[in-house]
2 protein chains.
Amino acid sequence: MRHRLKDVAERAGVSVKTVSNVVNGYQHVRPDTRARVEQAVADLNYRPNLSARNLRKGRTGVIALAVPGLDIPYFAELARHVVTAAAERGWAVLIDQTGGGSERERVAAGIGDHLIDGLIFSPLALTAEDLAGLDGTPLVLLGERVDHGPADHVVIDNLAAARKATAHLISLGRRRIAAIGAQRTPEGATARLRLAGYAAALDEAGIAYDERLVAPAPAWHRANGAAAMRHLLTSGVRPDAVFCCDDTLALGALRALHEAGLRVPGDVAVAGFDDIEDGRFSIPTLTTIAPDKERIARLAVELLANRVDGDRRTPPRDAHAPYRLTPRESTTPPADTPTVS
Amino acid sequence: MRHRLKDVAERAGVSVKTVSNVVNGYQHVRPDTRARVEQAVADLNYRPNLSARNLRKGRTGVIALAVPGLDIPYFAELARHVVTAAAERGWAVLIDQTGGGSERERVAAGIGDHLIDGLIFSPLALTAEDLAGLDGTPLVLLGERVDHGPADHVVIDNLAAARKATAHLISLGRRRIAAIGAQRTPEGATARLRLAGYAAALDEAGIAYDERLVAPAPAWHRANGAAAMRHLLTSGVRPDAVFCCDDTLALGALRALHEAGLRVPGDVAVAGFDDIEDGRFSIPTLTTIAPDKERIARLAVELLANRVDGDRRTPPRDAHAPYRLTPRESTTPPADTPTVS
DNA sequence: AACGTTGAGTACAACGATATAGAACCAACG
DNA sequence: CGTTGGTTCTATATCGTTGTACTCAACGTT
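Residues numbered from 1 in each chain as written. Chains lettered and ligands numbered in written order. Predicted model: local features only at pLDDT ≥ 70, side-chain atom pairs only at ≥ 80, totals over all residues.

## Some points on the relation of the copies chain B and chain A
Note on the chain copies: they are related by a rotation about an axis and a translation along it. Selection rule: For the least-squares superposition of copies, only C-alpha atoms count, and only for residues with pLDDT at least 70 in both. Contact definition: two residues whose C-beta atoms, as placed from backbone geometry, lie within 7 Å.
Superposing chain B onto chain A takes a rotation of 180° plus a shift of 0.2 Å along the axis, which leaves an RMSD of 0.4 Å. In symmetry terms, the pair is related by a two-fold rotation axis. Of all interface residues in chain B, 98% are interface residues in chain A too; the two copies therefore contact each other through one and the same surface.

## Quick look at unusual backbone geometry
Comment: phi is negative for the bulk of residues other than glycine, and the bulk of peptide bonds are trans. Operational definition: Helix and strand assignments follow DSSP, with helices taken as H or I runs no shorter than four residues and strands as E runs no shorter than two, numbered in order from the N terminus.
At the junction of Ile283(A) and Pro284(A), the peptide bond is cis and its omega measures out at -5° in the coordinates. In this structure, the amide linkage connecting Val264(B) to the following residue, Pro265(B), adopts the cis form with an omega of 5°. Take Pro265(B): it is sitting in the loop between helix 10 (247-259) and strand 9 (269-273). Backbone geometry places Asn45(B), a non-glycine residue, at a positive phi of 55°. Mapped onto the elements, Asn45(B) comes out in the loop between helix 3 (31-44) and helix 4 (50-57).

## A word on the environment of Val93(A)
Within the secondary structure layout, Val93(A) lies in strand 2 (residues 92-97). As a C-alpha pair, Val93(A) and Gly118(A) span 25 residues in sequence and 9.9 Å in three-dimensional space. If we ignore the near neighbours within four places in the chain, the residues touching Val93(A) are Ile63(A), Leu65(A), Val82(A), Val83(A), Ala86(A), Leu94(B) and Ile95(B).

## As for the UniProt feature "domain: HTH lacI-type" (unreviewed entry) in chain A
Selection criterion: UniProt positions are given in the numbering used here, feature names are shortened, and annotations may be inferred rather than shown by experiment.
As annotated by UniProt and renumbered to match this structure, "domain: HTH lacI-type" (unreviewed entry) occupies residues 4-57 of chain A. End C-alpha atoms of residues 4-57 of chain A are separated by 17 Å, and the span's content is 70% helix alongside 0% strand.

## A short note on the interface of chain B and chain A
To be explicit about the condition: Residue type decides the class: Asp, Glu, Lys and Arg count as charged, Ala, Val, Leu, Ile, Met, Phe, Trp, Tyr, Cys and Pro as nonpolar, and the leftover types, Gly among them, as polar. When DSSP finds at least two bridges between two strands, those strands are taken to pair.
Each partner contributes residues to the interface: chain B has 50 residues there, and chain A has 49 residues. By residue class, the composition of the side of chain B that touches chain A is 21 nonpolar, 17 polar and twelve charged. Alignment of strand 2 of chain A against strand 2 (residues 92-97) of chain B, held across three bridges, turns out to be antiparallel. Bridging across to strand 2 of chain B, Ile95(A) finds its partner in Val93(B).

## A word on the protein's contact with DNA strand C
Note the threshold: By convention here, the C-beta atom is placed from the backbone, and a residue is near a molecule or strand when that atom is within 6 Å of it.
By nearness alone, 24 residues border DNA strand C, and Arg4(A), Ser20(A), Ser15(B), Thr18(B) and Thr33(B) come closest of all. Those elements that place two or more of their residues in the surface near DNA strand C are helix 2 (16-23) and helix 4 (50-57) of chain A together with helix 2 (16-23) and helix 4 of chain B. Taken together, the residues of the surface near DNA strand C sort by class into nine nonpolar, seven polar and eight charged.

## Description of helix 10 (residues 222-234) of chain A
Residue and element names in this part refer to chain A. Stated precisely, the cut-off is as follows: What a helix is expected to span follows from its residue count: subtract one and scale by 1.5 Å. Partly exposed residues are those whose C-beta has more than 12 but fewer than 20 other C-beta atoms within 10 Å; with 20 or more the residue is buried, with 12 or fewer it is exposed, and the C-beta atoms are placed from the backbone.
Compared with the 18 Å implied by 1.5 Å per residue over 13 residues, the 18 Å span of helix 10 between its first and last C-alpha is a close match. What helix 10 keeps buried is the set Arg222, Asn224, Gly225, Ala226, Ala228, Met229 and Leu232. Where helix 10 is buried, its residues touch strand 6 (177-182), strand 7 (214-216), strand 8 (241-244) and helix 11 (247-259). One or two positions beyond helix 10, positive phi appears at Gly236, with a value near 80°.

## Quick word on the protein's contact with DNA strand D
Around DNA strand D sit 25 residues in total, of which Ser15(A), Thr18(A), Thr33(A), Leu5(B) and Ala52(B) are the nearest. Elements with a contribution of two residues or more to the surface near DNA strand D: helix 2 and helix 4 of chain A together with helix 2 and helix 4 of chain B. Take the surface near DNA strand D: its biggest share by element is five residues, from helix 4 of chain B.

## A word on the pairing of strand 1 (residues 62-67) of chain A
Residue and element names in this part refer to chain A. Here is the rule we go by: With the strands pointing away from the viewer, any crossover whose connection runs clockwise from the first strand over the helix to the second is right-handed.
Where burial is concerned, most of strand 1 is hidden: six out of the six residues are buried. Because side chains alternate across strand 1, one face comprises the buried residues Val62, Ala64 and Ala66, and the other comprises Ile63, Leu65 and Val67, equally buried. Looking at chain direction, strand 1 and strand 2 are connected through six bridges and run parallel. Bridging across to strand 2, Leu65 finds its partner in Ile95. This β-α-β element, strand 1 to helix 5 (residues 73-88) to strand 2, shows right-handed connectivity. As paired elements, strand 1 and strand 3 (residues 118-121) share four bridges and run parallel to each other.

## What to know about the sheet that holds strand 7 (residues 214-216) of chain B
Residue and element names in this part refer to chain B. Definition in use: All axes here are fitted lines through C-alpha atoms, helices being fitted over the stretch that makes contact, and every angle between N-to-C directions spans 0 to 180 degrees.
Strand order in the open sheet formed by six strands is 7-6-8-9-10-12, and the pairing between neighbours is mixed. Of all strands in the sheet, those bounded by a partner on one side alone are strand 7 and strand 12 (323-326). Here the strands of the sheet are splayed against their neighbours by 15° on average, with no regard to which way each runs. Two elements, strand 6 (residues 177-182) and strand 8 (residues 241-244), share four bridges in a ladder whose sense is parallel. When the bridges of strand 8 are listed, Ile180 appears paired with Cys244. This element, helix 7 (residues 158-171), spans strand 6, strand 8, strand 9, strand 10 (287-291) and strand 12 of the sheet and lies at about 170° to strand 9. Along the sheet, helix 10 contacts strand 6, strand 8, strand 9 and strand 10; its crossing angle with strand 9, the most-contacted strand, is approximately 155°.

## Overview of the packing of helix 9 (residues 222-234) of chain B against helix 10 of chain B
All names here are of chain B. So the rule is basically this: Here roughly perpendicular refers to angles of 65 to 115 degrees, roughly parallel to angles under 35, roughly antiparallel to angles over 145, and oblique to all remaining angles. A clockwise turn of the near helix away from the far one marks a right-handed crossing, whereas an anticlockwise turn of less than a right angle marks a left-handed crossing.
Interhelical geometry of helix 9 versus helix 10 gives an angle of 50° and a closest axis separation of 6 Å. Comparing their axes, helix 10 and helix 9 come out oblique. Handedness of the helix 9/helix 10 crossing: right-handed. In this structure, helix 9 uses Arg222, Ala223, Asn224, Gly225, Ala226, Ala228, Met229, Arg230 and Leu233 to contact helix 10, whose residues at the interface are Thr248, Leu249, Ala250, Leu251, Gly252, Ala253, Arg255, Ala256 and Leu257. For the contact of helix 9 with helix 10, the class distribution of residues is eleven nonpolar, four polar and three charged.

## Description of the packing of helix 2 of chain A against helix 3 (residues 31-44) of chain A
All names here are of chain A. Orientation of helix 2 relative to helix 3, taken along the N-to-C sense of each, is 90°, at an axis distance of 10 Å. For the element pair helix 2 / helix 3, the angle class is roughly perpendicular. Residue-level inspection shows Thr18, Val19 and Val22 of helix 2 in contact with helix 3, the latter providing Thr33, Arg34, Val37 and Glu38. Along the lines of polarity and charge, the residues of the contact of helix 2 with helix 3 split into three nonpolar, two polar and two charged.

## As for the pairing of strand 6 of chain A
Residues and elements named next belong to chain A. The element strand 6 is extensively covered by neighbouring structure, given that five of its six residues are classed as buried. When strand 6 meets strand 7, the two strands line up parallel, connected through three bridges. Its bridge partner lying in strand 7, Ala182 is registered against Pro216. Between strand 6 and its parallel partner strand 7, the chain crosses via helix 9 (residues 189-204), and the hand of that crossover is right-handed.

Structure representation (structure tokens):
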């Protein structure tokens, strides 16, 4: 069925090591020998057994990407870029869905094995302990640095970005600006940073921070965004703009505003965060902070590659990815388009 | 650093094989011996080396999922279910993005190696040759059967589902029903089936098929859906409903209708296909055909599992997954909600 | 007392690749 | 002519695990 080096060697009349040398591009092989071996390889359709190669070399050519879930658009888009960037380096990507609370176990159990050369981890919740199971596997963290663990990080400046988005709302003349996405759990590091940016922008503009305008969302998805918006609308605080901690919350909020018969941005302006594809076609299209996802993925793979070959003991690095504020219809209606929401 | 069976064995004062037996849950090990070994395993934080295990057992515990791209919502959602279903069987999932035309190469080159126990492949374009490179690796195809190759299939009845969606539009009293998503390329098998369903429904209702109402979309995504809709609107054919071959096309169409100032469903009713998450929160929410994605994923993993352990020569099976028509606002506005689109 | 049976454990050979050491050959040099 | 150095190739050990074959003791049966 499947052929081994030995079969190729016999067919070409050389030793296994010579075949191995040819396959790995070793220099000192006579042209005619090389040709004979290559012919045999082609004849038998030989493919190296990666398990064996990995066992010998201690490399697997596989990295893992751990994300909360592929059904979350941001992570799906990010995963796409990671897979692409990894492929360019000859790596395959194993996807692990940490999905909420069970991350702890999954990272330790499923992934800590020797199957992977490294791990790119996008943690919602993560403590230093969780990383212990990895025991030397190179690691790159995406998003908030949890603590100064032994890992490289790729981050964007969430605080500054959220401040920029909120300042944009303020620049439109809005004053009662709500926020959606607060999380009280210890895991909500990203939420805290973005809301700190929101608060900072208000402060800069001399607008008082009003706690009743800040709605929590235990998980960030459309349904919670809609629920939070409904809550804000019925609680009598009458916001004229909303900053949402991510685009799915914002899309949910758009939905709730629509159901309440309010116009966006006429009555309420909406800004999100992440620039997922949906927001470019939603009605209205969604103003958002667009992190450079391709860059994030590429930086992560690059950092990981550095750790994988050698260089394991240099101190952890932080890489910063750029972002842009992308105004769309949900805050700035185009002049010649009907603005019914 | 990393410990091996041998280290554990020395610490526990037994042979390597005994440790192996404990790790693998072999029955005949005395409780005290087992305890000693387990203690040693814990002390050293031992993890089996999967490469070595795989080499020995001929299994890797990894399957690959090849999809066009994770940025396509349907495939992202599907991938999530596949990863989950595979995890229940102890499999990890390697994601391969075939992304358009290069599939041929990728399948043959990247994946054909021994690293995976099996492959779940969701082909856009695929011929019998493309599968040749796999050379014995168990394979499950999602979606249209391309030909009666040596592979199991998981399908839904695209023709019947599309007919049902179109019949739904007809039942609303619409008569000038357009379709978006036609593809002339040989790869467009799914498009052809869905449009055949569309045509069948028209035929049943005694409505003449009008070619000018059928718009092509070389790739299925929001931008092309919007473009196709704009084309239909400007070409003077005045549709009162649109059946879209997938939800992203439909979301694009909603967008174009909105920009043209038309009301959905008042002026034009819209139906999609796939039931992606966005469609549940879009404005208006999207009527669609909802294939049971979890079921599809589960069936695929199950079929693959059967092939992987033994049973390689039984003839290919087809598994059919259920689907449901899910009417939402884009065809049937709720009584008490404003219907501005 | 001799027997097979079962439990508990060990030693060793695989799995298929690469690394190491060294053999055989050739050319060039003093 | 022996030595040195480079090229080309081979034999063999090795990576860490599991399957096979085996030993040895304890047990119940006849």
